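Commentary on secondary and tertiary structure
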Amino acid sequence: MDARSPDLTPEAAGWRADAPATKSLAEVNATVAIPAGGRWWRRLLAFVGPGYLVSVGYMDPGNWATDLAGGSRFGYTLLSVILLSNLMAILLQSLSARLGIVTDRDLAQACRATYSPAVNFLLWLACEAAIIACDLAEVIGTAIALKLLFGIPLIGGALIAALDAFLLLLLMNRGFRFLEAFVMALLAVIAVCFAIQVAAAAPPVAEILRGFAPKTEIVTNPEMLYLAIGIIGATVMPHNLYLHSSIVQTRAYERNEAGRREAIKWATTDSTIALMLALFINAAILVVAAATFYKSGHSDVAEIGQAFELLSPLLGLGIASTLFAVALLASGLNSTVTATLAGQIVMEGFLDLRLPSWARRLLTRGIAIIPVIIVTAIYGERGTADLLVFSQVVLSMQLPFAVIPLVRFVSDRRKMGKFAIPTSVAAIAWIVAGVIVVLNVKLLADALFG
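Residues numbered from 1 in each chain as written. Predicted model: local features only at pLDDT ≥ 70, side-chain atom pairs only at ≥ 80, totals over all residues. Heavy atoms only, no water.

We now examine helix H7 (residues 154–161). Within the sequence span of H7, burial applies to Leu154, Gly157, Ala158 and Ala161. Buried residues along H7 cover an arc of 100 degrees about the axis, so they all sit on one side. (Buried < 20%, exposed > 50% of the residue type's maximum accessible area, 1.4 Å probe, protein only. Helix = DSSP H or I, 4+ residues; strand = E, 2+ residues; numbered from the N terminus. Arc of directions from axis to C-beta.)

And the structure:
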């Protein structure tokens, strides 16, 4: 069965008749083999990978800025926000995977096949703004890491970070599994670096557990709310919803009801496990900041460079600062690679461009990276933390434009047939979307009217 012919009931079409029939990431679509039989874990391993590519966006340098600021200013209080946003992410990414597997469309293609050209163009602009904001965090984070480790000036580091488009080309040419292995290896580096730092910080377990309990002051304190929304924006990232709905289709599962049902099960398992790793890393960044900076009275530490300078002396571990910078570099490399891939998916899905893969990646990267280089050149060493936190708030502002169409699509029986989510799950998903919208409206009101 052709990958553009979902094995659903006729009334499940629900798409515009003039919707393009291009496969998402056509060069790698259905290229990863799935074993026909054998033990369950072999089939799970065949699906392992896309969830880890998605999880990269949940621990990128933008998260570092918001987590460092939250931990140093408010101790462990915002751990509850990290937990909440991670639970939101697990739900939304599972819905994104379901959409891609059932419809053989990524989220951008689904929007194009549903909305008018004018609406699609506005959605593309909103998503492109989110990707630029994401790139701002990732490129600045990578540039800071290169400066801390090798003394390379920020603008030089930003230009080096822009070369990730060529790194993605190299990895994709060697097969999608090779790209996944590269990303997972860097994730392991980040996890090990922070495990060592958490062990050195020896935070009190009781305080950490209390931090995971929600508190009303998070909403009533404008400064805390700003950081909380930044954490949500840094965790639940709009472009990840587009990315996940595409890359789950790299698996060569049977394009029929049974094959899709099994693919949904394993893809959801993969992303849930991967996002639990992201929860550990995000929580670890905040815990290290709280146990090190907040505890010692350094409540103004928000700059990544400040954290680098203070970590080793305060922890009494000479290698702590180096581990911090190595993890930041690994995070930046991973994030820029996956954001470049997401940029390609978004541009192809919304605009249906017909270009060679290398040209598409350079074009999407150029659109995103040029503003980042300009901003980095203007700001230089000053205000990088404010820029990083602001970029995450911008991401949060774009979330409704991705979340609302996603929930609408997967709830629609015409589009999803028997794979449409149950009413109870749809209700939870709409509540999540509502929470995101309400928090953003409150943030805007506070910003405009004080």
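Right, let's talk about the packing of helix H9 (residues 176–201) against helix H16 (residues 320–351) for a bit. The interhelical angle for the contact between H9 and H16, taken along N-to-C directions, is 150 degrees, at an axis separation of 9 Å. Classified by the angle between their axes, H9 and H16 sit roughly antiparallel to one another. In this structure, H9 meets H16 at a crossing whose hand is left-handed. Across the interface between the two elements, Phe176, Leu179, Phe182, Val183, Leu186, Leu187, Val189, Ile190, Cys193, Phe194, Ile196 and Gln197 of H9 pack against Ala320, Leu323, Phe324, Val326, Ala327, Ala330, Ser331, Leu333, Asn334, Val337 and Leu341 of H16. In terms of residue class, the contact of H9 with H16 is built from 20 nonpolar, 3 polar and no charged. (Axes fitted to C-alpha atoms, helices over the stretch in contact; angles between N-to-C directions. Parallel < 35°, antiparallel > 145°, perpendicular 65-115°, else oblique. Left-handed = near helix turned anticlockwise from the far one by under 90°. Contact = heavy atoms within 4.5 Å. Nonpolar A, V, L, I, M, F, W, Y, C, P; charged D, E, K, R; others polar.)

A volume near 260 Å³ is recorded for the largest pocket. Lining the largest pocket are 14 residues, and of these Ser80, Val81, Leu84, Pro214 and Ile218 lie nearest its centre. Of all elements in the fold, only helix H4 (79–103), helix H11 (217–220) and helix H12 (222–235) reach the threshold of two or more residues within the lining of the largest pocket. Per-element tally for the lining of the largest pocket: the top contributor is H4, with 5 residues. (1 Å grid on protein atoms, 1.4 Å probe; cavity = no way out; pocket = protein on both sides within 12 Å on 5 of 7 lines; lining within 4 Å. Points joined across faces, edges and corners; volume = space filled by probe spheres on them.)

Right, let's talk about the pattern of salt bridges for a bit. All told, the structure shown has 10 salt bridges when counted by the stated rule. Residue Lys418 is joined to Glu257 by a salt bridge in which the shortest nitrogen-to-oxygen separation is 3.0 Å. Highlighted residues: Lys418 in the loop between helix H19 (413–416) and helix H20 (423–449) and Glu257 in helix H14 (residues 257–294), separated in sequence by 161 residues. You can call Lys418 partly exposed: its relative accessible area is 43%. The network of salt bridges with shared partners includes Asp104, Arg255 and Arg260. (Salt bridge = Lys/Arg side-chain N within 4 Å of Asp/Glu carboxyl O.)

Taken over all residues, the pLDDT of the chain has a mean of 84, while the share at 70 or more is 88%. In the model of the chain, helix H17 (residues 357–379) stands out as the element of lowest mean pLDDT, 70, in contrast to helix H5 (residues 107–112), which has the highest, 95. Taken together, the stretch residues 1–12 has pLDDT below 50 and engages in 37 contacts with residues farther than four places along the chain or on a different chain. (pLDDT = per-residue confidence, 0-100.)

Looking now at a nonpolar patch on the surface. Taken together, the side chains of Ile160, Leu163, Phe166, Trp358 and Leu362 make up a nonpolar region of the molecular surface, amounting to roughly 500 Å² of accessible area. Along the polypeptide, Leu362 turns up in helix H17. A residue is classified by how much of its surface remains accessible, and Leu362, at 32% relative accessible area, is partly exposed. (Patch = residues over 30% accessible without salt bridge, like charges linked within 9 Å, V, L, I, M, F, W, Y side chains within 5 Å. Areas by Shrake-Rupley, 256 points an atom, 1.4 Å probe, with all protein chains shown as cover.)

Turning our attention to the packing of H4 against helix H13 (residues 238–247). Direction vectors running N to C along H4 and H13 enclose 40 degrees, while the axes themselves pass 7 Å from each other. The orientation of H4 with respect to H13, classified from their angle, is oblique. Remark: the crossing between H4 and H13 carries right-handed chirality. Across from Leu92, Gln93, Ser96, Ala97 and Gly100 in H4, the residues of H13 making contact are Asn240, Leu241, His244 and Ser245. In the contact of H4 with H13, the residues fall into 3 nonpolar, 6 polar and no charged.

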